[in-house]
Amino acid sequence: MSILQVEHLNKVYPNGTEALKDISFRIEKGESVIILGHNGSGKSTLFRCVTGFEKPTKGSVNIFDRPLHPISKKELRNVRKNIGMVFQNFGLIHNLSVFQNVLFGAMGKTTFAFQTFSSFASSEWREKAMDAVERVGLVHVAKRRADQLSGGQKQRIAIARMLMQEPEVILADEPIASLDPKAGKEVMDLLWSIVEEKNLTVIAVLHQLEIAKEYGKRIIALKEGNKIIDADKDGIDETFLNSIYDLETTQKKYEEVNVRKIGGIEYSTFQ
Ligand code: ADP
């Protein structure tokens, strides 16, 4: 069974922007893939097309060997139950505790409304949620409101919540773009250790070349809506990758525009 199959995908927005141009690739079970590209290269559009949030103009997306366009709302919900999504902005419910946010991850598995579920969740679900909180190293803040935690901790909650779904595949859209470099590395290490532990398939959208090279086994690079690289990381010529990805410009922009030093610590807001 292939996890994701994208064929001749094309997306033109109503304003005429051609965000994706004839993109095709196939991702098999157990692969670890980074979708890499600068801001505006089409990564988010691709992410939205393969998660059913956006309708392609042309081409097809099959996930778990099922076509995603067209698909009924009910079927889409069923497909998404097997996809653990991680977003740049975490997607937490701020006024709930860490534990409750994590427990919320099991909602796809039950028909209860959240209030009912949260109050009457079985001891089995509660135990699972606590295990997930422990796995991401947040037991000491389990009762604290989510909005009282740091960015890195918030992304850990989101990862624990995703674990409750017991997904087959993780789709992460810029999971560390809102984090400082240290927290970003911790989150990537955590995510990848979970992927290896549970033998999951992971597809992560990133804009940082260095991080992509460190974590992904396969890199699919986009530039101006075109797929310009699709190869095993070890098989890619570094000079070629750097020249295609325009590393020098990336670093320059990063240093000149977006790195702010606060109290001696560098914070990146680079996109
Ligand atoms: P990335 O995630 O790599 O930054 P996007 O997929 O967000 O790239 O954008 C790809 C191109 O499509 C860009 O030129 C962007 O301006 C354009 N775009 C994205 N979303 C929309 C939209 N809703 N309407 C019109 N143009 C869009």
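Refer to the preceding data block for the structure.
All values derive from a computational prediction rather than experimental measurement.

### Describing the pairing of strand β4 (residues 58-63)
Regular strands have side chains that alternate between both faces of the sheet.
Then, in step 1: The pairing of strand β1 (residues 2-12) with β4 spans 5 bridges and is antiparallel. Across the sheet, the residue bridging to Asn-10 is Lys-58, located in β4.
Then, in step 2: As defined by bridge partners, β4 adjoins strand β5 (residues 66-67) across 2 bridges and the pair is classed as antiparallel. Directly across from Asn-62, in β5, lies its bridge partner Pro-67.
Then, in step 3: Between the end of β4 and the start of β5, which pair antiparallel, lie 2 residues, with Phe-64 showing a positive phi angle near 50 degrees.

### Focus: the environment of Ile-236
Then, in step 1: Within the fold, Ile-236 resides in the loop between β10 (226-232) and α9 (238-245).
Then, in step 2: Between the C-alpha atoms of Ile-236 and Arg-218, which are 18 residues apart in sequence, the distance is 9.3 Å.

### A few points about the packing of helix α6 (residues 151-164) against helix α7 (residues 181-198)
Two quantities define a packed helix pair, namely the angle between the helix axes and the distance between the axes.
Then, in step 1: Where α6 contacts α7, the two axes come as close as 9 Å, and the packing angle between them is 15 degrees. Here α7 runs roughly parallel to α6, going by the angle between their axes. In terms of crossing hand, the pair formed by α6 and α7 is right-handed. From α6, Gly-152, Gln-155, Arg-156, Ile-159 and Leu-163 reach across to α7, where they touch Ala-183, Glu-186, Val-187, Leu-190, Leu-191, Ile-194 and Lys-198.
Then, in step 2: Partitioned by chemical class, the residues of the contact of α6 with α7 number 7 nonpolar, 2 polar and 3 charged.

### Regarding α7
Residues spaced three or four apart along an α-helix face the same direction, because each turn holds 3.6 residues.
Then, in step 1: Taking 1.5 Å of rise per residue, 18 residues should cover 26 Å, and α7 covers 26 Å from first to last C-alpha, within 8% of that figure.
Then, in step 2: Every buried residue of α7 is listed here: Ala-183, Gly-184, Val-187, Met-188, Leu-190, Leu-191, Trp-192, Ile-194 and Val-195.
Then, in step 3: Here the buried face of α7 lies against β3 (32-36), α5 (123-135), α6, β7 (169-173), β8 (201-206) and α8 (209-215).
Then, in step 4: For α7, the side-chain oxygen to backbone nitrogen distance between the N-cap and Lys-182 is 3.1 Å, and the N-cap itself is Asp-180.
Then, in step 5: Phi turns positive one or two residues past the end of α7, at Asn-199, with a value near 55 degrees.

Here is what the cut-offs are and how they apply
Residues numbered from 1 in each chain as written. Predicted model: local features only at pLDDT ≥ 70, side-chain atom pairs only at ≥ 80, totals over all residues. Heavy atoms only, no water. Pairing = 2+ DSSP bridges. Helix = DSSP H or I, 4+ residues; strand = E, 2+ residues; numbered from the N terminus. Axes fitted to C-alpha atoms, helices over the stretch in contact; angles between N-to-C directions. Parallel < 35°, antiparallel > 145°, perpendicular 65-115°, else oblique. Left-handed = near helix turned anticlockwise from the far one by under 90°. Contact = heavy atoms within 4.5 Å. Nonpolar A, V, L, I, M, F, W, Y, C, P; charged D, E, K, R; others polar. Expected span 1.5 Å × (residues − 1). Buried < 20%, exposed > 50% of the residue type's maximum accessible area, 1.4 Å probe, protein only. Polar contact = N/O pair within 3.5 Å; in protein donor to acceptor, adjacent residues only side chain to side chain.

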